[in-house]
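# Tertiary structure, described
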Amino acid sequence: QVQLVESGGGSVQAGGSLRLSCVASGRTYTMAWFRQPPGKARDFVARHLWSGGATYYEDSVKGRFTISRDKAKNSVYLEMNNLKPEDTAVYYCAAETREFQGYSSWGQGTQVTVSS
């Protein structure tokens, strides 16, 4: 079982920035970030494809968030700029451990709180 460990969450004011990191203990393929706001379901934020490196974003974060990957370090990052109060959520890292087989590994989550 591949373990994912996130870090980098915290509290910032609106307009601020945070950088989330996720390190995997083993081989992964496509990696992604999801988030779960208080009292709501977990939703997709961004993903970085293993094959080709294409990136995809949820509409509300386009132009503000950037997902990147360091394959040598088995890590994925989420640079979050111009944060808004509605970005407040627990952010989860997810990874495919078999290519094209869905996200089978999840991190424990890291809290991001944005105050107005």
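Going by the structure above, here's the rest.
Residues numbered from 1 in each chain as written. Predicted model: local features only at pLDDT ≥ 70, side-chain atom pairs only at ≥ 80, totals over all residues. Heavy atoms only, no water.

### As for the overall build of the protein chain
A count of helical and extended segments in the protein chain gives zero helices and eleven strands. Helices (α) and strands (β) of the protein chain occur, in sequence order from the N terminus, as β-β-β-β-β-β-β-β-β-β-β. Rg of the C-alpha trace for the protein chain: 13 Å, near the compact-globule value of 13 Å for 116 residues, within the 12% margin. Taken over 116 residues, the protein chain has a buried fraction of 44%. In the protein chain, once contacts between residues fewer than 6 apart in sequence are set aside, the share between residues at least 24 apart is 53%. (Helix = DSSP H or I, 4+ residues; strand = E, 2+ residues; numbered from the N terminus. Rg over C-alpha atoms; globule rule 2.2 N^0.38 Å. Buried < 20%, exposed > 50% of the residue type's maximum accessible area, 1.4 Å probe, protein only. Contact = heavy atoms within 4.5 Å.)

### A few points about the nonpolar core
As a rule of thumb, soluble globular proteins bury nonpolar side chains together. Counting 25 residues, the largest nonpolar core has W33, L78, M80 and Y91 as the members making the most contacts within it. Breaking this core down by element, the ones donating at least two residues are β3 (18-24), β4 (31-36), β5 (43-48), β7 (65-70), β8 (75-80), β9 (89-95) and β11 (110-115). The residues contacting L78, other than those within four sequence positions of it, are L18, R19, L20, W33, V45, A46, F65, T66, I67 and Y91. (Core = buried A, V, L, I, M, F, W, Y, C linked by side-chain atoms within 4.5 Å.)

### Notes on the environment of W106
Relative to the assigned elements, W106 resides in strand β10 (residues 105-106). Using a relative accessible area of 34% as the deciding quantity, one classes W106 as partly exposed. Each C-alpha atom of the pair W106 and A95 lies 6.6 Å from the other, and the pair is eleven residues apart in sequence. Beyond its immediate sequence surroundings of up to four residues, W106 is in contact with L4, F34, R42, Y92, C93 and A94. Within polar-contact distance, the side chain of W106 engages the backbone oxygen of Y103 at 3.4 Å. (Polar contact = N/O pair within 3.5 Å; in protein donor to acceptor, adjacent residues only side chain to side chain.)

### What to know about the state of the cysteines
The tally for this structure, following the rule as stated, stands at one disulfide. Here C22 pairs with C93 through a disulfide, and the sulfurs are 2.1 Å apart. Taking the torsion about the S-S bond as the criterion, the C22 to C93 disulfide, at about -80°, is left-handed. With a gap of 71 residues between them, C22 in strand β3 and C93 in strand β9 connect regions that are remote in the sequence. On the basis of relative accessibility, which here comes to 0%, the residue C22 falls in the buried class. (Disulfide = S-S within 2.5 Å.)

### Let's talk about the sheet that holds β8
An order of β1-β3-β8-β7 is seen for the four strands of this open sheet, with the pairing classed as antiparallel. At either end of the open sheet lies a strand with only one pairing partner, and these are β1 (4-7) and β7. Geometrically, the sheet is characterised by an average inter-axis angle of 15° between neighbouring strands, direction not taken into account. Alignment of β7 against β8, held across six bridges, turns out to be antiparallel. The partner of F65 across the bridge, within β8, is M80. (Pairing = 2+ DSSP bridges. Axes fitted to C-alpha atoms, helices over the stretch in contact; angles between N-to-C directions.)

### Looking at the environment of A94
As for its position among the elements, A94 is in strand β9. On the basis of relative accessible area, A94 is assigned to the buried category, the value being 0%. Expressed as a C-alpha distance, the spacing of A94 and S104, which sit ten residues apart in the sequence, is 7.4 Å.

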